Amino acid sequence: MAKQGSFRDFDWVLLGFVMAISALGVLQIYSATISTKFAEGNIYVKQIEWLIAGMVLMFAISRIDYHIFLEYIHWVYLASIGSLLAVAVIGVRLLGAKRWIRVPGLGLFQPSEWVKIVLIIALARYIASLNQRDVTWPDIFKAGLIAGVPFLLVVKQPDLGTSLTYLPALILGLFLGGINYKQVGVIVLCIALVLPVAWKFGMKQYQKDRLTNFLHPENDPKGTGYQIQQSLIAVGNGGIFGKGVAGGTQTQGMFLPVTHTDFIFAAFAEEHGFVGATAVLLLYFIVLMRLIQNAQTAPDRAGTLIIMGVVAVLVFHIMVNIGMVVGMMPVTGIPLPLMSYGGSSVLFMFLALGIVMNIRMRRFVN
Amino acid sequence: MQFGKEEKVPTSKLLAVQYAILALFLLLAFGLWRLQVMKSDQYQLAAQANRIRTIPILAPRGKILDREGRIIVDNYPSFSALLLREQPQELDAKIPKIANGLHISADEIRVLLRRYASRPKYEPVVIKPDITPDEVAFIEANKSEIPELETIMVHRRLYPKDGFAAHLIGYVGEVSEDDLNRPQFELYNQGDIVGKSGVEQEYNDILIGKNGERRSLVDSHGKEVGRLSHTPAVPGEQLKLTMDLDIQIAAEEALDGYKGAIIAMDPRTGDILAMVSRPTFDPNHFAVRISRDEWNALVTDPGHPLLNKAIQAQLAPGSTFKIIMSVAGWQEKIAQTMNVHCNGGATFYGRRFGCWVKGGHGSVDLTKAIYQSCDVFFYTLAEKLGIERIAHYAQALGLGQKTGIDLPQEATGVMPSEEWKIRNFKQKWFAGETISVGIGQGAVATTPVQLMRAIAAISMDGKMVTPHVVDPIELPKGYVPVRQAPELKNVDIEPEGWNLITDAMSRVLLPEGTAPSAHIPGIDIAGKTGSAQVVSLDTRAKHSNNAAFAQNGWFVGFTPRRTPEIIVVVLFEGGEHGKLAARIATQVVKAYVDKQRRQGIKTAGLEPGKKQFEMAGLWTAPGDAKDADSTERLQGGRFDVKLSPKPPKAAKGVQFAHVPAALAAGVAH
């Protein structure tokens, strides 16, 4: 059998659902920006361009055997850490955070987005290498180190939201790798002890406010509290069937903040109601289930772990973003995968999908 | 590195992950359910409130007219700058620019915003009233950049200038926060303009209109994107006073430069024809926001310009009280035969009481006692009557009680009695105190309106009226007056006594009386002078008989003697003697008489319903809007209404609407 795998084995079903969500995203970006200053920029067209670029990337990645990635991931990982360090040293400071490097000719580049996928593969390789023996404390410590170094570097930028996306892959990896309940208990206890200290000394007041304002949005009607309040009004205003495309007063009146990126789901929920919003949830659920099925059929443990890493990141994004929109989570500035406008987000998703396809296409290799 | 040799991840763990994801998604679905199904109504309302802006359309207050329909208080349009506070997060940065454009300080705006912080966001704040055309242009030009700024048309009060009739009319101002907490103000909002004193306050419910509103759709930057509804304002109703502008002008001029008060009233009906208090204030300064300095100056002025002395000054009536004494003495059948020898004073209860004429009046009967104002006669009468009988008649004539005039904050005054003394001082009444009450001193304190009403009742042979500045018949249907008119009980005065007393009063202005210099040939005024110490009720105890206080002059007089049509009371603060007050009063009376004579009898009908012939005087009826002379508008605060009509030009003839030209020409010379 050819090592390449063929497009017959490509997961067209998964791609179909992904494209459905992306299409709804484009539609919503169009509707949300129709009456804003972004309308002239036609950013929904840009989003389509990003999606096409993402698809090309996905097909390209799927042609390269993922084992090659696994083979060289430690170098890539080191390069990622290097890029994060570079951000800390020569990074560009925007809006009070140092998250970008200026790449001559290409513009600003945010390494922390790409570290995500590198981290997923690195963790998959490490956990797979443990070969299903009982996970020991040094193993946990090493895995923690792999995720912890970029985590701390990104926290320092500061970008708490992105850094948190590194943790689900670690947690799920350890779970699938065979961590036992006793170890879980000890780790939870440690975190329970460290967290209050970190809260007290490690965090700035505005970060604390952001994390707690969602519980009492009325306390801060000007800042994030205002955003949450407007988001809740938008979602609630949608009712069961929604206000129709471009009919959401919260969205069209620009009461809702950043309707085309972080709060796109609130805009969607306002215009399409409970019916539309739960339908989108269902689409995401199907995508996730399909991914897990692919993980199950993966040719090896590392493949399973990579796909589950993608699942973990995806679930985390969806939970935090939609949770924020419905007032169950704090405002963290994490975009909704596939729907939110933004090149980095789209490219990350399709890069990850390319690797998933790659793994799927090689399921019958052995 | 070799892959694929190791065991696979157990399916059970992947299944566990699937269930965990399902649980999380159900949680999100519940979150959506809670907002979009359970609480949707609430959030839809919030979304509405977010984008609907309500701008009030202010209703103009009703005009205030005199009894002939001439406009005394009008409105003029003015623009105010409104600041909308719905998007506070965007406002901060724009404050300096707004401050610059409207010529106010940024701090002032911030203080104002803080003051309104507890009010609902959709309520706009007036940041600058009465803005200039330049400032209006600034707001209009920056509509897109500063959509929070709006202009609103306000109808401002235009009062006569220089404090003309200021105390009667009163003034308006923003409803105070204290008032807003009272039940009767529950329908008012912060920033509403309400009457603060005088007629403006008393009849606020009639004068105030009903504000309309303009509702429009806005986006999150406050930019208007559509109109929803437009409810026009309902203007306030106009209010016709009983005041006669001509008499008022005469009274204003008569008291000009002095301190005190004048009231003119029709004793038959209680119609107040004029009311003046001096010093006065300019209510126009209250129409926009009054400056703190100006307000403090008004409040601390020793002349109390904000006090309406006509109804709020409580002073000893002095010798004017002798008329009330005369009635009491007559009705108790003591005064008829009383004859006293006055040698400049008399001793009662071991203390000597002097008469104002040091040399004495000689033999004095009631008539002479009135026109000569003999103190000894009334000391004696007071001793004979005793305080209880004096108090009985004085109270029957309304002294020591509010008259119930339809103006806010009328003072009560004091009419002492044994019971009053015990109640207020826990002391028995001393008979000696009765003696000074006999000449209107001692504890007696009346307001000008109270004193006038008592004398008016005597002039009308005992008929009591409630003074009013608005005829109750003219009030709109369904209007509930602020105060109920008190029940009236007429006072019995024997006609013979009435004749004698009023005849004696008419001699006051004759050469033998106390105020001959006030006499005006051809006008028969019956009146009484008085002078009394300048000590208000509060300071009475401390400053008793302090010579440093100049005496107040009083005069109350009416005409004609038997069928009175007008009664005038004058309080001349520091006027020393009643004859000066009398001169002021007669000017007012003269203005009335002159006007009556000019107008004469206007119509004479043979039978009701049949054609009527106009006979003489002014041809148009008073209040006829077509009459240019009598309906002179007080625009800009002018009040020089012409008292005499233009002499008709013989060549052209006079344009009279429904009178044959021949008849008109016949009387034109």
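Residues numbered from 1 in each chain as written. Chains lettered and ligands numbered in written order. Predicted model: local features only at pLDDT ≥ 70, side-chain atom pairs only at ≥ 80, totals over all residues.

## Observations regarding the overall build of chain B
Operational definition: Numbering goes from the N terminus for both helices and strands, where a helix is a DSSP run of H or I of at least four residues and a strand is a run of E of at least two. Note on contacts: each residue gets a C-beta atom placed from the backbone, and two residues are in contact if those atoms are within 7 Å.
In terms of helices and strands, chain B carries 24 helices and 21 strands. A separation threshold of at least 6 residues defines the contact pool for chain B, and within that pool the share at least 24 residues apart is 71%.

## Some details on the interface of chain A and chain B
Worth spelling out the cut-off: Each residue gets one of three labels, nonpolar for Ala, Val, Leu, Ile, Met, Phe, Trp, Tyr, Cys and Pro, charged for Asp, Glu, Lys and Arg, and polar for the others, Gly among them.
Each partner contributes to the interface: chain A provides 47 residues, whereas chain B provides 37 residues. Those elements that provide at least two residues to the side of chain A that touches chain B are helix H3 (66–90), helix H7 (166–177), helix H10 (224–238), helix H11 (249–252), helix H12 (264–296) and helix H13 (301–325) of chain A. Counting residues per element, the side of chain A that touches chain B draws most heavily on H12(A), which supplies 12 residues. Classifying every residue of the side of chain A that touches chain B gives 27 nonpolar, 16 polar and four charged.

## Observations concerning the pairing of strand E11 (residues 260–265) of chain B
For a regular strand, the rule is simple: side chains alternate between the two faces of the sheet. Residues and elements named next belong to chain B. Heads up, the rule is: Each residue is classed by its C-beta neighbour count within 10 Å, where at least 20 other C-beta atoms makes it buried, 12 or fewer makes it exposed, and intermediate counts make it partly exposed; the C-beta atoms are placed from backbone geometry. A pair of strands is labelled paired if DSSP reports no fewer than 2 bridges between them.
Most of E11 sits out of view: six of its six residues are buried. Residue alternation in E11 divides its side chains into two sets, Gly260, Ile262 and Ala264 and Ala261, Ile263 and Met265, and both sets are buried. Relative to strand E19 (residues 566–572), E11 runs antiparallel, the two sharing six bridges. From the neighbouring strand, Ala264 faces E19, where its bridge partner is Val568. Of the strand pairs in this sheet, E11 and strand E12 (residues 272–278) are connected by six bridges, and their pairing is antiparallel. Residue pairing for E12: Ala264 is matched across the bridge by Ala274. Linking E11 back to E12 in an antiparallel pair, the connection comprises six residues, with Gly270 at a positive phi of about 90 degrees.

## Describing the sheet that holds strand E9 (residues 224–231) of chain B
Two modes of strand pairing occur in sheets, parallel and antiparallel, and in both the strands are linked by backbone hydrogen bonds. All names here are of chain B. Using the following cut-off: Note on geometry: axes are C-alpha line fits, over the in-contact stretch for helices, and angles between N-to-C directions span 0 to 180 degrees.
Across the sheet, three strands lie side by side as E1-E8-E9; this open sheet has antiparallel pairing. Edge positions in the open sheet fall to strand E1 (52–57) and E9, since each of these has one partner strand only. Ignoring which end each strand starts from, the neighbouring axes of this sheet average 25 degrees apart. Direction of pairing for strand E8 (residues 212–218) relative to E9: antiparallel, over a ladder of six bridges. Bridge pairing links Leu217 to Gly226 in E9.

## Concerning the packing of H3(A) against helix H5 (residues 137–155) of chain A
Residues and elements named next belong to chain A. For the record, the criterion: Orientation labels follow simple angle bins: below 35 degrees gives roughly parallel, above 145 gives roughly antiparallel, 65 to 115 gives roughly perpendicular, and whatever is left gives oblique. Should the near helix be turned anticlockwise from the far one by less than a right angle, the crossing is left-handed, and should it be turned clockwise, the crossing is right-handed.
Where H3 meets H5, the axes come as close as 10 Å, and the angle between the chain directions of the two elements is 20 degrees. Classified by the interaxial angle, the pair formed by H3 and H5 is roughly parallel. In this structure, H3 meets H5 at a crossing whose hand is left-handed. Of the residues in H5, those in contact with Ser80, Ile81, Leu84, Leu85 and Ala88 of H3 are Val149, Pro150, Leu153 and Val154. Across the contact of H3 with H5, the residue classes break down as eight nonpolar, one polar and no charged.

By themselves, these are just geometric observations and shouldn't be taken as functional.
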